[in-house]
Amino acid sequence: MSSLVRSFSSSLGRKLLMGASGLLLLAFLVVHVAGNLVLFAGRDAFNGYSYHLVSNPLIYVAELALLVLFTAHLVAGIVVTARNRAARRHRYAVKHWARGKSSKSHKSVASSTMIVSGVFMIAFVPLHLWTFKWGPNYPSSADPAVRDLYRLVIEEFRRPLEVAWYVGAMLVIGFHLWHGFASGCESLGVDDRDWLRRTGQVLAVAITGGFVIVPIAIWLGWVPA
Amino acid sequence: MSEATMTLTLRVWRQAGPDAPGRLVDYCARGVSPHMSLLELLDVVNEDLTAKGEEPIAFDSDCREGICGSCGLVVDGVPHGPQAATTTCQVFLRHYRDGNVITIEPWRARAFPIIKDLVVDRSALDRIIAAGGYVSVDTGSAPEANAIPVPKDEAERAMDSAACIGCGACVAACKNASAVLFVGAKIEHLTRLPQGLPERERRVLAMVTQMDAEGFGSCSNEGECEAVCPKEISVTNIQRLNREYARARLKPRR
Amino acid sequence: MILDGKVPAGPLDAKWARHKDHLKLVNPVNRRKHTVIVVGTGLAGASAAASLGELGYNVLAFTILDSPRRAHSIAAQGGINAAKNYKNDGDSVFRLFYDTIKGGDFRAREANVHRLAEVSVKIIDHCVAQGVPFAREYGGFLDNRSFGGAQLSRTFYARGQTGQQLLIGAYGALMRQVHAGTVKIFPRHEMLDLVVVDGRARGIVTRNLVTGELERWAGDAVLLATGGYGNLYFLSTNAGNSNVTAAWRCAKRGAYFANPCFVQIHPTCIPASGEHQSKLTLMSESLRNDGRVWVPQRAGDRRAPSDIPESERFYFLEERYPSFGNLVPRDVAARNCKSVCEAGQGVGPTGYAVYLDFADAIRRFGASVIRERYGNLFQMYERIVGDDPYAVPMRIYPAVHYTMGGLWVDYDLMSNLPGLFVLGEANFSDHGANRLGASALMQGLADGYFIIPYTLASYIAGTTLSKVTADHDAFMEAAQAAQARIDRVLRVRGDVSVTAHHRRLGQVMWEKCSIARNARGIEEARAAVRAQRQEFWHNVRVPGEPTNFNKSLEQALRVADYLEFGELVAIDALARDESCGSHFREEHATPDGEAQRDDEHFAHVAAWEWRGTEEAPTLHTEPLHFESVTLTQRSYR
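Because the structure is predicted, anything quoted here is derived from the model rather than measured. (Residues numbered from 1 in each chain as written. Chains lettered and ligands numbered in written order. Predicted model: local features only at pLDDT ≥ 70, side-chain atom pairs only at ≥ 80, totals over all residues.)

Enquirer: Give me the lowdown on the overall build of chain A, citing residues and values where you can.
Expert: Within chain A, the regular secondary structure consists of 9 helices and 0 strands. Across chain A, helices and strands are ordered from the amino to the carboxyl terminus as α-α-α-α-α-α-α-α-α. Projected onto its principal axes, the C-alpha positions of chain A cover 60 × 45 × 30 Å. Put simply, chain A has 225 residues, and 31% of those count as buried. Within chain A, residue pairs in contact and separated by at least 24 positions form 71% of the contacts whose partners lie at least 6 positions apart. (Helix = DSSP H or I, 4+ residues; strand = E, 2+ residues; numbered from the N terminus. Buried ≥ 20, exposed ≤ 12 C-beta atoms within 10 Å, placed from the backbone. Contact = placed C-beta atoms within 7 Å.)

Here's what the structure looks like:
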């Protein structure tokens, strides 16, 4: 264990930590988006799913793990970025991406703004929790012990501003994943290959799409209240 | 052969010493032959400056055939200029047009302090190699060369990584001034070969420790390094480095 | 004076083994008390410094470059010879020895060449153990290829970057010793003088190329591994920083300079494209396997090559040398290229180039086969010249490539100045009047890994060395002399740049003392060099300060030395009134136009003692005795 801690104090170790925590957070997002899509199965299914999730005592372990992962990923990201900035004290007067020179560069707007898209989550996640996790606890008509989360979601996403904010946030996450998946894998030592990049991009689109389809559908009135 | 000449403007970083302030200075070069290399153009500009009694532009260059790794300029914002798989000394002016402005800067990284103008101190890379970038074999103790067969493919892949010329363009291109492509190439070269395996863990830990001590940044997996590498060293060397590092860290030690 | 090479007695193939058995040894615990100064970190210097560090000596290693890994050994493409006989084609130590000494036109010391062939096999073992990724067969064993001047495959190679890979091996070994604390490296340091105390080499004076500081370094021995002097000619395949200064400073302190006129010209280089040209790039000799060399028959024919019909082309190598054709040795090819260009038949913008045409080979084998064989070379050519060699014939011209001459050393690689050892291209010892391909890497590493550790120990163990520090008067005198020289060159404040001087000197030497020379031309070259030397000290402009990074000052000091050394090359070329190998005196040609040796009068090493810049040097000779080979005349008709 001390070896593991020691390794996180090295540049490669910090990237290993970022890669591992990032990929685990990604796995959480996959589960999360899958759960969101249950909404399309109807009120009872969605509320039932939500009830099973929160009534499982393991939820506290999972939440703690998520908190640790999120914090680790965020703190490591900030530390890495600060050190990276310090590694070049004087900027270039003129600097261009090398894409014009060789197709080997994967540099993109997404890859250049990871810290921005990442730090944005500090703003999004608490608000998101505030809105849904700690939002109004409507009892469901079928079983008052079960929270009517379905109603809350519909109410929230009937508000255009809420939809816009949420969709925007999801696009930022997608942006982060566009580079993040392949980058995380590579930091963990998976060889850079085209399929890896493409998988990451497909995942980014799928996850973002899965997230935004819910508010958009609600806003457009496709989901019954 | 037609001998049309060009007029080019060089916008060159001038800095008198390590702590002196620097700035871009314009130099107009007239009657330039398209057959010249960019470094020869700097030679010509320097002859003019000498004639005018000004100090010539300091830059490093030695073999001028792309193998020694001495030269290294950021040309119009890209290390080693616009052509792929090319060192600065192999950039020829026929790729420019009359009237072009060419901006030239030194490698910039905290680990590569500027000595003067376009000359930087890259001894950090030597110190990383000193930490472990070799096979520890004393002269005289080697077995017969064919005693250890090495599969052809493995030898070829080792050679792909060993082709690194240590110019530092990877560091210069990386937004984080990271040296992991350089380190990864050496790790991969020696880990591919049976000769390098006895020191496998010790080597990667020592080299990474030294790399960090020199103040290089981390890898963001963007691949700018490979794109500018004159020897086209692949970023897979970085992923191998990550693997080797994790492996060495996790391996129980006595 | 007749020089003694101190060749050990006994049969040729037992000399080295017996000699080693009788060399004195330094006790392991005492080694760290001995400081060894190594100047130059190419193959010879890095391998020597690393090996001596491993043995426990206190080593100080100096390089003018920013890293030891950049030394010009790195540019060697082809390979390294070794008498492994892995190909079962009849190779042996004797055959490698014989090919090398014959290739050198019988102007090298037999015992040295034999030792070189003997240790060649250990070099490969060692480099493989270091992780040098040599080319391999599918079975996993080492591959070999054939190279010029040999009828078998004994050349080990790592793609076209053998020199680079061997140097990285030696550099790794060196850095390992740096880490271990036995070797200290001093990059960007240039040796400006040798310090001799009581007749022994005891240290050097260097200039820190970053701060301009002059520094004094004392030691028990000085190892010089500073390469060749090809840049005397301004244009050569050498790197820009390669220079003669360290060696010439030693010569001025009493070390003899041997055979300076032996300069190898490589026939297939990319020609200069104009006045701005700063260096020439070698194109591998292998291109002559499929390329046909020609020029227009009519002098001054400026038509495009495709417009010149077959009947108006002059395939001069094929016509003049029907049995070898385009594959004649380097020196023969170079001479013929020069002669057709001087007859006005040369091509390209300068008229100093000949065509190397692959059209026939492409017709016969198809472009894909040619691409497979030479793709990377064609690409390199296209990058530099801007022509597509698949469509337009290449233009090539000879260029200075390697210098066989160097400081005189005895069998132990020690110069006539005790304590000064000279390794690699910087010494004169193994290649005679012409070096075979893939032999330079072999010699550098043989000297550094496997010879100097033994012979240096014997010198140190067998010598009572008084305690000398860098504050000794001799050091102060040398440092002051170096300072005075720097001050003097900065004070001139003339109009002509250092580069212009260098280019002019190079042109004279190239025209009158290179591929082919004659007495009159050499005399003219000598007079021109003397005159230019005077002019230099009255009319050179060196901008900038002495106290910081100043490339012009570095170059000025080197060119000043070339202006002295160039005269010695001319003197030696004139004195050697015969032709041999690379030294082709037009007065001495066989009826076939080949080099006509005069073994009766010139089977010797000419070692020159410096007497003063404006004084004639004194000639010392070391007779060459050949016990194991019969001297023969080359012919390629």
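Enquirer: How would you explain the overall build of chain C if you had to name every residue and give the values?
Expert: Helix and strand counts for chain C stand at 17 helices and 20 strands. Taking 2.2 N^0.38 as the reference for a compact globule, 637 residues should give roughly 26 Å; the C-alpha atoms of chain C span a radius of gyration of 24 Å, in line with that estimate. A principal-axis box enclosing the C-alpha atoms of chain C has dimensions of 75 × 65 × 50 Å. Each of the 637 residues in chain C was classed as buried or not, and the buried ones make up 59%. (Rg over C-alpha atoms; globule rule 2.2 N^0.38 Å.)

Enquirer: With reference to specific residues and values, describe the interface of chain C and chain B.
Expert: The interface is formed by 64 residues belonging to chain C together with 66 residues belonging to chain B. Looking at the side of chain C that touches chain B, the elements that each hand over two or more residues are α3 (43-55), α5 (110-130), α6 (162-180), α11 (367-385), α12 (440-461) and α16 (551-575) of chain C. Ranked by residues supplied to the side of chain C that touches chain B, first place goes to α6 of chain C with 9 residues. Of the residues belonging to the side of chain C that touches chain B, the class tally is 25 nonpolar, 26 polar and 13 charged. (Nonpolar A, V, L, I, M, F, W, Y, C, P; charged D, E, K, R; others polar.)

Enquirer: So what's going on with unusual backbone geometry? Residues and values would help.
Expert: For residues that are not glycine, phi is negative in most cases, and the peptide bond is trans in most cases. Despite not being glycine, E232 of chain B shows a phi value in the positive range, around 55°. Taking the number of C-beta atoms within 10 Å as the measure of exposure, E232 of chain B has 14 and is therefore partly exposed. Look at N259 of chain C: it is not a glycine, yet its phi comes out positive at around 45°. With respect to the helices, strands and loops of the structure, N259 of chain C is situated in the loop between β11 (257-258) and β12 (263-269). A count of 29 C-beta atoms within 10 Å places N259 of chain C in the buried class.

Enquirer: Could you give me a rundown of the pairing of strand β1 (residues 35-39) of chain C, with the residues and numbers involved?
Expert: Residues and elements named next belong to chain C. Most of β1 sits inside the fold, with 4 of its 5 residues counted as buried. Bridge analysis of β1 against strand β2 (residues 58-62) gives 5 bridges, and the strand direction is parallel. Directly across from V39, in β2, lies its bridge partner F62. Note on the crossover from β1 through α3 to β2: the handedness is right-handed. (Pairing = 2+ DSSP bridges. Right-handed = clockwise from strand over helix to strand, strands pointing away.)

Enquirer: Hey, could you go over the interface of chain B and chain A for me, with residue numbers and the actual values?
Expert: How big an interface is tends to be stated in terms of the accessible area lost upon association of its parts. Contacts between the two partners involve 40 residues from chain B and, on the opposite side, 41 residues from chain A. Secondary-structure elements contributing two or more residues to the side of chain B that touches chain A are β5 (101-105), α6 (200-213), α7 (224-228) and α8 (236-250) of chain B. The element best represented in the side of chain B that touches chain A is α8 of chain B, accounting for 7 residues. Across the side of chain B that touches chain A, the residue classes tally to 16 nonpolar, 14 polar and 10 charged.

Enquirer: Break down the packing of α3 of chain C against α12 of chain C for me, citing the residues and quoting the values.
Expert: Residues and elements named next belong to chain C. Here α3 crosses α12 at 30°, and the two axes come no closer than 8 Å. With respect to their mutual orientation, α3 and α12 come out roughly parallel. Helix-helix and strand crossings are classified by hand; for α3 and α12 the assignment is right-handed. Of α12, the residues touching α3 (which contributes L43, A44, G45, A46, S47, A48, S51, L52 and L55) are L441, G444, L445, D447, G448, Y449, I452, P453 and L456. Taken together, the residues of the contact of α3 with α12 sort by class into 12 nonpolar, 5 polar and 1 charged. (Axes fitted to C-alpha atoms, helices over the stretch in contact; angles between N-to-C directions. Parallel < 35°, antiparallel > 145°, perpendicular 65-115°, else oblique. Left-handed = near helix turned anticlockwise from the far one by under 90°.)

Enquirer: For the sheet that holds strand β5 (residues 153-156) of chain C, give the residues involved together with the corresponding values.
Expert: Residue and element names in this part refer to chain C. Strand order in the open sheet made by the 3 strands is β3-β5-β4, with antiparallel pairing throughout. Each edge of the sheet is formed by a strand with only one pairing partner; in this case those strands are β3 (80-81) and β4 (145-146). Taken together, the 2 bridges between β4 and β5 define a ladder with antiparallel strand orientation. Opposite R145, over in β5, you have T155 as the bridge partner.

Enquirer: Describe the packing of helix α5 (residues 180-192) of chain B against α6 of chain B, and please don't skip the residues or the numbers.
Expert: Residue and element names in this part refer to chain B. Where α5 meets α6, the closest approach of the two axes is 11 Å, and the angle between their N-to-C directions is 170°. By the angle between their directions, the pair α5 and α6 is classed as roughly antiparallel. Of the residues in α6, those touching α5 at V183, I187, L190 and T191 are R200, R203, V204, M207, V208 and M211. Taken together, the residues of the contact of α5 with α6 break down into 7 nonpolar, 1 polar and 2 charged.

Enquirer: Run through the nonpolar core, naming residues and quoting values.
Expert: Counting 303 residues, the largest nonpolar core has L223, L224, V354 and L407 of chain C as its most contacted members. Not counting chain neighbours up to four residues away, the residues in contact with L407 of chain C comprise L224, A247, C250, A251, A255, F257, A258, S415, V422, A426, N427 and F428 of chain C. Grouped together as the second largest cluster of nonpolar side chains are 23 residues, F46, V153, M170 and I218 of chain A included. (Core = buried A, V, L, I, M, F, W, Y, C linked by C-beta atoms within 7 Å.)

Enquirer: Explain the pairing of strand β7 (residues 189-197) of chain C to me, and be specific about the residues and the numbers.
Expert: Along β7 of chain C, 8 of the 9 residues are buried, which leaves the element largely enclosed by surrounding structure. In this structure, the hairpin formed by β7 of chain C and strand β8 (residues 200-208) of chain C is closed by a connection of 2 residues, where D198 of chain C is found at a positive phi of approximately 50°.

Enquirer: Account for the sheet that holds strand β14 (residues 313-314) of chain C, with residues named and values stated.
Expert: Residue and element names in this part refer to chain C. Reading across the sheet, the 5 strands line up as β12-β16-β15-β13-β14 and stay open at both edges, with antiparallel pairing between neighbours. Looking at the sheet topology across the chains shown, the edges are occupied by β12 and β14. Pairing analysis gives 5 bridges linking β12 to strand β16 (residues 394-403), with the strands arranged antiparallel. Following the sheet pairing, V263 is matched in β16 by T403.

Enquirer: Give a detailed account of helix α7 (residues 245-252) of chain C, specifying residues and quantitative values.
Expert: Residues and elements named next belong to chain C. The element α7 is largely enclosed, with a buried count of 7 among its 8 residues. What α7 keeps buried is the set T245, A246, A247, W248, R249, C250 and A251. After α7 finishes, the residue G254 shows a positive phi value of roughly 120°.

Enquirer: Lay out the arrangement of the chains in plain terms, naming residues and giving numbers.
Expert: Among the 2 pairs of chains that make contact, the interface with the largest number of contacts is formed by chains B and C. Considering only C-alpha positions, the minimal separation of the non-contacting chain A and chain C is 15 Å.

Enquirer: Break down the domain arrangement of chain C for me, with residues and values.
Expert: Residue and element names in this part refer to chain C. Partitioning chain C into structural domains gives domain 1 (266-400) and domain 2 (473-623). Computed from C-alpha coordinates alone, the two centres of domain 1 and domain 2 are separated by 31 Å. On the side of domain 2, 6 residues touch domain 1, which itself brings 6 residues to the contact. When residues of the side of domain 1 that touches domain 2 are traced back to their parent elements, those giving at least two are α9 (330-342) and β16. Residue contributions to the side of domain 1 that touches domain 2 peak at 4 residues, all from α9. (Domains from an automatic or database assignment.)

Enquirer: Kindly report on helix α6 (residues 114-133) of chain A, identifying the contributing residues and their values.
Expert: Given a rise of 1.5 Å per residue, 20 residues ought to cover 28 Å, and the 27 Å separating the end C-alpha atoms of α6 of chain A matches this to within 8%. By the largest-angle criterion, I122 of chain A marks the main kink of α6 of chain A, which is about 30°, and a proline, P126 of chain A, follows within four residues. (Expected span 1.5 Å × (residues − 1). Bend = angle between axes of the 7 residues up to and from the residue.)

Enquirer: Lay out the environment of E162 of chain A with the relevant residues and their values.
Expert: Residues and elements named next belong to chain A. Note on placement: E162 falls in helix α8 (residues 160-187). Judged by the 16 C-beta atoms lying within 10 Å of it, E162 is partly exposed. When the C-alpha positions of E162 and W219 are compared, they lie 9.8 Å apart, and in sequence the two are 57 residues distant. Contact partners of E162, with chain neighbours within four places excluded, come to E156 and F157.

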